[in-house]
Amino acid sequence: MTRLLIEGCTIGGRPDCSIYCEEGIVARVTEGTTQTVPPDAEVIEARGGAVFFGFVDSHCHPFEYGWLKRSVDLRGTANITALRLRLMAGVQRAHPGEWVTGMGWDQESFPGGAMPDRADIDDITPANPVVLSRICGHIALLNSRAIGVLGLEANAGVEYERDQAGALSGIVKEKALDNVFASLPRQGQRSAADLQSAEAEASRLGLTCLHCILSPEGYREELAALAALDSAGSLSLRYRVYIPPNAIDFVESEGLRGKPAGGKVRINGVKIYADGSLGARTAALRDPYSDEPTNCGILRYKDEELRQLVERVDSRGYQAIIHAIGDRAVEQAAEALGRVTGTQNPRRHRVEHASLLPRDLRTKMLNHGIRATVQPMFITSDTWAVDRLGEERVRDLYPIHSMLSEGIVASGGSDSPVESMSPILGMWASMTRGGSTPQESLTFEQALTLYTSNAESNGLEEPSGSVKEGVPANFTVLDSDTSGMHPALFRKVGVMATVVGGVVVHSYGAG
Ligand SMILES: [Zn+2]
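Read on for a plain summary of the structure. All figures in this text were calculated on a predicted structure; none of them were measured in a lab. (Residues numbered from 1 in each chain as written. Predicted model: local features only at pLDDT ≥ 70, side-chain atom pairs only at ≥ 80, totals over all residues. Heavy atoms only, no water.)

Section: the coordination of the zinc ion
Part 1 of the reasoning: Here the zinc ion is held by H59 (NE2), H61 (NE2) and D415 (OD), and the distances to it run 2.1 to 2.2 Å.
Part 2 of the reasoning: All donors to the zinc ion come from one chain, and their sequence spacing reads H-x1-H-x353-D. Here D415 lies in the loop between β19 (410–412) and α14 (423–432) and H59 lies in strand β6 (residues 55–60), a separation of 356 residues in the sequence.
Part 3 of the reasoning: Given a relative accessible area of 0%, H59 falls into the buried group. (Donors = N, O, S within 2.8 Å, 3.2 Å for Na, K, Ca; no water. Helix = DSSP H or I, 4+ residues; strand = E, 2+ residues; numbered from the N terminus. Buried < 20%, exposed > 50% of the residue type's maximum accessible area, 1.4 Å probe, protein only.)

Structure below.
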């Protein structure tokens, strides 16, 4: 029997409470006095801290997080020289001919903001094919060796950027990039280790459940890793899994749905990409980019194709979640979803990101009960948003307060490894917005909703409500009493413990 006592904490603004849990369920909540509990109960001494229902990341890519940890990490590189130095170190560790992968560069951080091209890296990578994803994951830089190995030279279309002379620049986008990753040699056994490194980080950051998006090229290994770890009882957190459309037949034929091996993993739905990212100028806009007047971004599907795909996903009983960042893509996604949702949206279909969301699109989503996940850290990271969209449109970028107050069920996610998985940082960003469009700032209660009740609901669960007898013991214990705290201070709040099903999966205060 697992027994746990969390002592001396604030719950819902009431100080000095204690929660006693047995077998993963809250057995007793008391105020003021210390509870008498069996001597074998684990005790978290949380005096001065605050307990919340377990935080949920409703949009992340844990396998990519793990992959990033063992690839060349290019995040934070401020110019091409810095990128080259990190890449050189990575190439030195690789055998000749072996693929070198990296992730995290952002041309917006480079002087001048120009896209890198293959000439920037060819001289230091003569013996290895190289693919370096931009921070958004929607475009990548390939070296000449990679272009040669994959035979891309003859490929045409907007997804393969060309230089003035008509040769491939090395920048590959969107679906064409999916194909590049699909051609890389698989490193199957590594998936389990990748997931475990993401899980350790997520538990440390106070997350109890991840809405875990699988990749179009690696989903078989990823599903196998989830199943193996779950049946071995090795998973700490809960996983709500979203597969790519090309995995539906595999999942059905293998009978993977509705058969949770160890009870921590459930396949919820299908993730569809409608467009790209603002940073890469591949997000699909109704009107051209303010800093590239000939470009409106890239829609991955024709309207009719997306409708058919959504109908297929819905008719098979999956929750559809559609990545849509530009207003044109959100419009297309809402249109396609609206045909299957009715007004109530019983399958809780969602739009992921829904970044550029003017009022007419919010109304459209609301009329069909379409839900959303939002990534508040994007607000503080997209410092170039005004350049891309202009002063006028940027007012409708990440309008999270409007979404919530108008009634859209929006939940928070990190899009890790794009941003840190920390729900604390996510809540902080949703409350402060780095000073941009302050009218869209959330209150603490709203920010909390993003990562708790709305996230549970968007993950096909019933929100836990209040901390009382009989509810599941999934808790995030913070080290400070956050009631009345100034939003700017919230980013410094620490996670004292993370509890999943009555089991302490991370703590620095357990005794
Ligand atoms: Zn994502």
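After that view of the structure, there is still more to cover.
Here we look at the pattern of salt bridges
Part 1 of the reasoning: Under the defined criterion, the tally for this structure stands at 34 salt bridges.
Part 2 of the reasoning: The partner of D106 in a salt bridge is R134, with the nearest N and O atoms 2.9 Å apart. Of this pair, D106 sits in the loop between β8 (100–105) and β9 (130–134) while R134 sits in strand β9, and the two are 28 residues apart along the sequence.
Part 3 of the reasoning: One salt bridge connects R388 with E108, and the closest N-O pair in it is separated by 2.5 Å. With R388 in helix α12 (residues 385–394) and E108 in the loop between β8 and β9, this residue pair connects regions lying 280 residues apart in the sequence.
Part 4 of the reasoning: A relative accessible area of 1% means that R388 is categorised as buried.
Part 5 of the reasoning: Note on E108: relative accessible area 24%, which makes it partly exposed.
Part 6 of the reasoning: One salt-bridge network, in which partners are shared between bridges, spans E108, R281, D291, E292 and R388. (Salt bridge = Lys/Arg side-chain N within 4 Å of Asp/Glu carboxyl O.)

Re the pairing of β8
Part 1 of the reasoning: β8 sits mainly inside the fold: 6 of its 6 residues count as buried.
Part 2 of the reasoning: Examined bridge by bridge, strand β7 (residues 72–73) and β8 share 2 bridges and lie parallel to one another. Looking at the pairing, D73 lines up with M103 of β8.
Part 3 of the reasoning: Since β7 and β8 lie parallel, the crossover through helix α2 (residues 80–93) that links them has a hand, and here it is right-handed. (Pairing = 2+ DSSP bridges. Right-handed = clockwise from strand over helix to strand, strands pointing away.)

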